[in-house]
Amino acid sequence: MPNIMIKLGDESAESYIKALNKVDPTLNILEWPNYGDPDEIDVAMVWKLPHGELSKLPNLKLVISMAAGVDHVLSDPGYPKDVPLARVTDPHMARSMAHWFIMNILRLHRETNYYDSLRIKKIWAPERAFDTDSICVGIMGLGYLGGYLAKMLVNIGLQVQGWSRTPKNLIGIRSFTGEDGLVEMLKTTNYLACLLPNTSATKGILNMGLFEKMPKGSFLLNAGRGNQLVEEDLSMALDNGQIKGAALDVFIDEPMPESHPFWDDQRIIITPHHAAEVFIPSAANAFVENIKRVRLGQSPKGLVDLNVGY
Ligand code: NDP
Ligand code: OXD
């Protein structure tokens, strides 16, 4: 049987190899760069593999992105375009991502930073009631993760609408498409949740022009990709009150440099690209299924459309 090559960013792949072998002990999985004979590799499982490495594998039948985003693979100019690329679509990840958004929408709505600061001074000041009816979440990207998030938000009683390339028919969720649709959605969105993939069409999409289309004092949450946000525009929008607060999980430079102004900006909740990660006990079955499918000459699940880039 041919071999599988695995590479996981800076992390060791040992626990992944164990989990995959628990599902199928016959799989021979070798960690990059010690994967032996390149001719023997038919599947590559990757996260942040150095560019140029995939083109060294002449008999590759499948590339598996060990992340939901595939920009780390498609930015490789040497990507072998005739090899199918599959990505993670894992229910555990969808739930985890929805939790990140719900937690931060509620943190922003209920001003937890402010109440934490009062607590330090031992001040008891309940002030006013929170107007939960006023929350309207607009989700940019109603795909696997955004679609799941939308349903969870409806279930906790929030108004939800979403924007995608193609229209969606989701119960209780208004669906918008196209540039005009985005403008329309933004008019009534006061919590903007971005779960778009990183493509040439989404780069810099979260900018001052977009913020100005939302009601003054709105909130921004981004777990898509860092380069979708024009970071200086967010700082300006926070200063002029157009945006009242933000929660960010992804950044242009990761890890975010110590000198970055966001670190000291208490109006921004920061998490280190940790909103939802591949949870191998949950994802291992799907990875193994895809390897088997491709070895049987079938198409993998979670196939990426190389023409649109996600
Ligand atoms: P999907 O491919 O399932 O969904 C992408 C959504 O974005 C689809 O609804 C798609 O529309 C929409 N979309 C894409 N391009 C455009 C466009 N130009 N205009 C309007 N809508 C567009 O991806 P996932 O939901 O699985 O993941 C989304 C992203 O989340 C990933 O690409 C990754 O960047 C990020 N992510 C971040 C993580 C983190 O920890 N921070 C973890 C996992 C993912 P349509 O449905 O019509 O195709
Ligand atoms: C991602 C991931 O795409 O962690 O960011 O899966």
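The structure reproduced in this document is the subject of the present report. (Residues numbered from 1 in each chain as written. Chains lettered and ligands numbered in written order. Predicted model: local features only at pLDDT ≥ 70, side-chain atom pairs only at ≥ 80, totals over all residues. Heavy atoms only, no water.)

### Here we look at the site of ligand 1
Alright, step 1. As a matter of local geometry, ligand 1 sits amid 28 residues, with R87, T166, K168, D249 and Y310 nearest to it.
Alright, step 2. A distance of 2.8 Å separates an oxygen atom of ligand 1 from a polar atom in the backbone of Y144.
Alright, step 3. Contact between ligand 1 and R165: a nitrogen atom at 3.1 Å from a main-chain N or O atom of the residue.
Alright, step 4. For ligand 1, the accessible surface in isolation is 940 Å², of which the surrounding protein chains cover 91%.
Alright, step 5. Elements with a minimum of two residues in the shell around ligand 1: helix 5 (144-155) and strand 7 (159-164).
Alright, step 6. Ranked by residue count, the leading element in the shell around ligand 1 is helix 5, at three residues. (Near = heavy atom within 4 Å. Polar contact = N/O pair within 3.5 Å; in protein donor to acceptor, adjacent residues only side chain to side chain. Areas by Shrake-Rupley, 256 points an atom, 1.4 Å probe, with all protein chains shown as cover. Helix = DSSP H or I, 4+ residues; strand = E, 2+ residues; numbered from the N terminus.)

### Some details on the packing of aromatic side chains
Alright, step 1. Summed over all chains, the structure comprises four aromatic pairs.
Alright, step 2. With a centroid separation of 4.9 Å and an interplanar angle of 85 degrees, the aromatic rings of W100 and F101 are classed as edge-to-face.
Alright, step 3. Judged by its relative accessible area of 5%, W100 is buried.
Alright, step 4. Here the aromatic rings of Y114 and Y115 are separated by 5.1 Å at their centres, their planes lie at 70 degrees, and the arrangement is edge-to-face.
Alright, step 5. Aromatic rings pair up to connect Y114, Y115 and F130 into one cluster. (Phe/Tyr/Trp six-rings, centres within 6.5 Å; stacked < 30°, edge-to-face > 60°. Buried < 20%, exposed > 50% of the residue type's maximum accessible area, 1.4 Å probe, protein only.)

### What about the site of ligand 2?
Alright, step 1. Residues in contact with ligand 2, as listed here, are A67, A68, G69, M93, R225, H273 and A276.
Alright, step 2. Between ligand 2 and G69, the relevant distance is 2.7 Å, taken from an oxygen atom to a main-chain nitrogen or oxygen of the residue.
Alright, step 3. Note that an oxygen atom of ligand 2 is positioned 2.6 Å from one of the side-chain N or O atoms of H273.
Alright, step 4. Coverage of ligand 2 by the protein chains reaches 87% of its 210 Å² of free accessible surface.

### What to know about the pattern of salt bridges
Alright, step 1. Inspection of every chain in the model, using the stated rule, returns 12 salt bridges.
Alright, step 2. Its salt-bridge partner being K187, residue E184 comes within 3.1 Å of it at the nearest N-O pair. With E184 and K187 both in helix 6 (residues 178-187) and three residues apart, the pair spans about one turn of that helix.
Alright, step 3. A relative accessible area of 49% places K187 in the partly exposed class.
Alright, step 4. Sharing partners across several salt bridges, the network here consists of E111, R128 and K244. (Salt bridge = Lys/Arg side-chain N within 4 Å of Asp/Glu carboxyl O.)

### Notes on the layout of surface pockets
Alright, step 1. When its volume is computed, the second largest pocket comes out at roughly 340 Å³.
Alright, step 2. Around the second largest pocket, the lining comprises 13 residues; the ones closest to its centre are K48, D71, R225, I252 and E254.
Alright, step 3. When its residues are assigned to classes, the lining of the second largest pocket shows three nonpolar, six polar and four charged.
Alright, step 4. Taken domain by domain, the lining of the second largest pocket gets at least three of its residues from each of domain 1 (3-90 + 278-295) and domain 2 (93-270). (1 Å grid on protein atoms, 1.4 Å probe; cavity = no way out; pocket = protein on both sides within 12 Å on 5 of 7 lines; lining within 4 Å. Points joined across faces, edges and corners; volume = space filled by probe spheres on them. Nonpolar A, V, L, I, M, F, W, Y, C, P; charged D, E, K, R; others polar. Domains from an automatic or database assignment.)

### Some details on the nonpolar core
Alright, step 1. I6, M45, F101, V137, I139, L153 and F287 are the most contacted members of the largest nonpolar core, which has 57 residues in total.
Alright, step 2. With nine residues, the single largest contributor to this core is helix 3 (residues 91-109).
Alright, step 3. Apart from the residues lying within four places of it in its own chain, the contact partners of L153 are I102, I105, V137, I139, L158 and V160. (Core = buried A, V, L, I, M, F, W, Y, C linked by side-chain atoms within 4.5 Å. Contact = heavy atoms within 4.5 Å.)

### Points about the sheet that holds strand 11 (residues 243-248)
Alright, step 1. Sheet architecture is open: seven strands sit in the order 8-7-6-9-10-11-12, paired in parallel fashion. In the strand order of this sheet, the two ends are held by strand 8 (173-177) and strand 12 (268-270), each with one partner. With direction set aside, neighbouring strand axes in the sheet form an average angle of 15 degrees.
Alright, step 2. Across five bridges, the pairing between strand 6 (residues 136-140) and strand 7 is parallel. Each bridged residue has a counterpart across the sheet, and for V137 the counterpart in strand 7 is V160.
Alright, step 3. Along the sheet, helix 3 contacts strand 6, strand 9 (191-194), strand 10 (218-222), strand 11 and strand 12; its crossing angle with strand 10, the most-contacted strand, is approximately 155 degrees. (Pairing = 2+ DSSP bridges. Axes fitted to C-alpha atoms, helices over the stretch in contact; angles between N-to-C directions.)

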